[in-house]
Protein chains: 2
Amino acid sequence: MPGNYLKETDQALTIFKDYCKKKQMRYTLERETMIKALYRLEGHFAVDDLLRNIRRHNPKARIAKTSVYRALPFLMDAGLLRESIAGVGSIVYEHTLGHRDHDHLRCLRCGKIVEFYSPDLIGIQTRICRKEQFLAVRRINTVNGYCRLCKDTAG
Amino acid sequence: MPGNYLKETDQALTIFKDYCKKKQMRYTLERETMIKALYRLEGHFAVDDLLRNIRRHNPKARIAKTSVYRALPFLMDAGLLRESIAGVGSIVYEHTLGHRDHDHLRCLRCGKIVEFYSPDLIGIQTRICRKEQFLAVRRINTVNGYCRLCKDTAG
DNA sequence: TTCTTATTGCATCTTAGTTGCAATAAGAAT
DNA sequence: ATTCTTATTGCAACTAAGATGCAATAAGAA
Ligand SMILES: [Mn+2]
Ligand SMILES: [Mn+2]
Ligand SMILES: [Zn+2]
Ligand SMILES: [Zn+2]
């Protein structure tokens, strides 16, 4: 858990409090717990990883997976979370605060994920959206293939 | 069904015959049927759409969904098919022959899909892969958001 | 403290995709 | 043409992600 965990979590909670107020939603203990777990997880994760992390850190509170699934769209809409990698099967998320907008290379053999940051690529997408008068909400951009270490044994 | 259907299908069948030979796989009637259906479908489709199309055009032949699922990875590997859109939930495919490599904008409200072609974007991805010594197999790049007609009523 | 109603937990359902296995059929060898 | 090997099929049963209906609970405004 990196040093900026507290700051990010705090910021996330504040953002979500405001979001709830604006949308006349309730700021519940469960959602707060979920956000804290979210910013505890550093890498990419599936819903199940998130749930396990929540339960491990809060053994007495029993938060239902249903609630997590129901909260996710709000957390995404509030800008705390995004779907990050395509082509895996189940959905892979990652938190957004403290990470600049980036994309991924994913190894089909060992599962390794390499992040890359390309303002040029994002710029092209933005330009295309403008041309099509399309309001972008979330981008997802993944190259699946074989990493340096796996590509020889790939066939 | 466009005019180049026959040509594309023919090409696809030939490619897959060669692929089978190379991989010591069997070129079966079921797979041939599947490929024909594949090139009959023009747009983007899920596995279920493909199955329905197959069954409608071949009422007597009963091809099992299991076989379709098992064949898909081979068809992709042979270069006849690709996963095209991310963020939908289930997997969306489209055939490749006769279509240049492109990406998608997808409306979260009405489901409309806008295709766009950007050699620059593809070039950036290629450059990044080279830098990371990463062997690209398939790219997927989708911007989810609201189309021109839906963005006013999006909230 | 009271009251309204959004949210939760649980149980149940749905649906995409997978797996084990006996029956079938490519296609190579004879 | 017939035989033989084994990849592939169809079926049925399974797995796992995610959604849904509903009564109980708890935000948070009054
Ligand atoms: Mn990432
Ligand atoms: Mn397309
Ligand atoms: Zn690898
Ligand atoms: Zn739309």
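Residues numbered from 1 in each chain as written. Chains lettered and ligands numbered in written order. Predicted model: local features only at pLDDT ≥ 70, side-chain atom pairs only at ≥ 80, totals over all residues. Heavy atoms only, no water.

Asker: Teacher, can you tell me more about the interface of chain A and chain B here?
Answerer: Interface extent is often summarised as the accessible area lost during association of the parts. Contacts between the two partners involve 35 residues from chain A and, on the opposite side, 35 residues from chain B. Taking both partners together, chain A and chain B bury about 3,200 Å²; carbon and sulfur atoms supply 64% of that area. Broken down residue by residue, the surface that chain A buries against chain B is led by Gln133, Phe134 and Arg138 of chain A, which jointly contribute 18%. At the junction of chain A with chain B, the criterion picks out zero salt bridges. Broken down by secondary-structure element, the contributors of at least two residues to the side of chain A that touches chain B are strand 3 (103-107), strand 4 (113-116), helix 5 (119-131) and strand 5 (135-146) of chain A. If one sorts the elements of the side of chain A that touches chain B by residue count, strand 5 of chain A sits on top with 12 residues. (Contact = heavy atoms within 4.5 Å. Buried area = accessible area lost by both parts, 1.4 Å probe. Salt bridge = Lys/Arg side-chain N within 4 Å of Asp/Glu carboxyl O. Helix = DSSP H or I, 4+ residues; strand = E, 2+ residues; numbered from the N terminus.)

Asker: Just checking my understanding: could you explain the sheet that holds strand 3 (residues 103-107) of chain B for this structure?
Answerer: Backbone hydrogen bonds are what pair the strands of a sheet, in a parallel or an antiparallel way. In space, the six strands of this open sheet follow the order 4(A)-3(A)-5(A)-5(B)-3(B)-4(B), with mixed pairing throughout. Either end of the sheet is taken by a strand with one partner, and the two such strands are strand 4 of chain A together with strand 4 (113-116) of chain B. When strand polarity is set aside, the average angle formed by the axes of neighbouring strands in this sheet is 20°. Judged from the four bridges that link them, strand 3 of chain B and strand 4 of chain B form a sheet pairing that is antiparallel. Among the inter-strand pairings, His104 of chain B is bridged to a residue of strand 4 of chain B, identified as Glu115 of chain B. In the packing of helix 5 of chain A onto the sheet, the strands contacted are strand 3, strand 4 and strand 5 of chain A together with strand 3, strand 4 and strand 5 (135-146) of chain B, and the crossing angle to strand 5 of chain A comes to about 135°. (Pairing = 2+ DSSP bridges. Axes fitted to C-alpha atoms, helices over the stretch in contact; angles between N-to-C directions.)

Asker: Just checking my understanding: could you explain the coordination of the manganese ion (ligand 1) for this structure?
Answerer: Angles at a metal have ideal values that depend on geometry: 109.5 degrees with four tetrahedral donors, 90 or 180 degrees with six octahedral donors. All names here are of chain A. Donor atoms from the polypeptide that bind the manganese ion (ligand 1) are His44 (NE2), Glu94 (OE), Glu94 (OE), His102 (NE2), His104 (NE2) and Glu115 (OE), placed at 2.1 to 2.7 Å. Each of the six donor atoms bound to the manganese ion (ligand 1) contributes to angles spanning 51 to 174°, and the resulting shape is irregular. Summarised as a motif, the one-chain spacing of the donors to the manganese ion (ligand 1) is H-x49-E-x7-H-x1-H-x10-E. Here His44, found in the loop between helix 2 (29-40) and helix 3 (47-57), pairs with His102, found in the loop between strand 2 (92-95) and strand 3; they are 58 residues apart in sequence, far enough to count as distant. A relative accessible area of 6% means that His102 is categorised as buried. (Donors = N, O, S within 2.8 Å, 3.2 Å for Na, K, Ca; no water. Tetrahedral: all angles 85-135°; square planar, octahedral: opposite > 155°, others 65-115°. Buried < 20%, exposed > 50% of the residue type's maximum accessible area, 1.4 Å probe, protein only.)

Asker: Would you mind going over the coordination of the zinc ion (ligand 3) with me for this structure?
Answerer: Residue and element names in this part refer to chain A. Within the protein, the atoms that donate to the zinc ion (ligand 3) are Cys107 (SG), Cys110 (SG), Cys147 (SG) and Cys150 (SG), at distances of 2.2 to 2.4 Å. Note that the zinc ion (ligand 3) binds four donor atoms; their angles at the metal cover 103 to 115°, and the shape is tetrahedral. In terms of primary sequence, the donors binding the zinc ion (ligand 3) are separated according to C-x2-C-x36-C-x2-C. With Cys107 in strand 3 and Cys150 in the segment after strand 5, the pair connects residues that are 43 residues apart, well separated along the chain. Both residues of the pair, Cys107 and Cys150, belong to the buried class.

Asker: Is there a simple way to think about the protein's contact with DNA strand C in this case?
Answerer: Lining the immediate environment of DNA strand C, one finds 19 residues, of which Arg26, Arg31, Arg62 and Ser67 of chain A together with Tyr27 of chain B sit closest. Protein-proximal atoms of DNA strand C, defined as those within 4 Å of the protein, fall in sugar or phosphate at a share of 60%. Contact between DNA strand C and Ser67 of chain A: a phosphate oxygen at 2.5 Å from a side-chain N or O atom of the residue. Elements with a minimum of two residues in the surface near DNA strand C: helix 2 and helix 4 (65-77) of chain A together with helix 4 (65-77) of chain B. (Near = heavy atom within 4 Å. Polar contact = N/O pair within 3.5 Å; in protein donor to acceptor, adjacent residues only side chain to side chain.)

Asker: Got a minute to help me understand the protein's contact with DNA strand D in this structure?
Answerer: Not every one of the 18 residues close to DNA strand D is listed here, only the nearest: Tyr27 of chain A together with Arg26, Arg31, Arg62 and Ser67 of chain B. Counting only the atoms of DNA strand D within 4 Å of the protein, the fraction contributed by sugar and phosphate is 61%. Glu30 of chain B is positioned with one of its side-chain polar atoms (N or O) 3.5 Å from a sugar or linking oxygen of DNA strand D. Between a phosphate oxygen of DNA strand D and a side-chain N or O atom of Arg31 of chain B, the distance comes to 2.9 Å. Counting only elements with at least two residues in the surface near DNA strand D, the list comes to helix 4 of chain A together with helix 2 (29-40) and helix 4 of chain B. The element contributing the most residues to the surface near DNA strand D is helix 4 of chain A, with four residues.

Asker: Just checking my understanding: could you explain the pairing of strand 5 of chain A for this structure?
Answerer: Looking down a regular strand, the side chains alternate between one sheet face and the other. Judged from the four bridges that link them, strand 3 of chain A and strand 5 of chain A form a sheet pairing that is parallel. Note on strand 5 of chain A: the bridge partner recorded for His104 of chain A is Thr142 of chain A. Direction of pairing for strand 5 of chain A relative to strand 5 of chain B: antiparallel, over a ladder of 11 bridges. For Leu135 of chain A, the partnering residue across the bridge sits in strand 5 of chain B and is Tyr146 of chain B.

Asker: It is not clear to me how the pairing of strand 3 of chain B should be interpreted in this structure. Could you clarify?
Answerer: All names here are of chain B. Taking burial as the measure, the five residues of strand 3 include five buried ones, the bulk of the element. On strand 3, burial covers both faces: Asp103, Leu105 and Cys107 on one face and His104 and Arg106 on the other are all buried. Once strand 3 ends, the chain turns through five residues before running back antiparallel as strand 4, passing Gly111 with a positive phi of about 80°.

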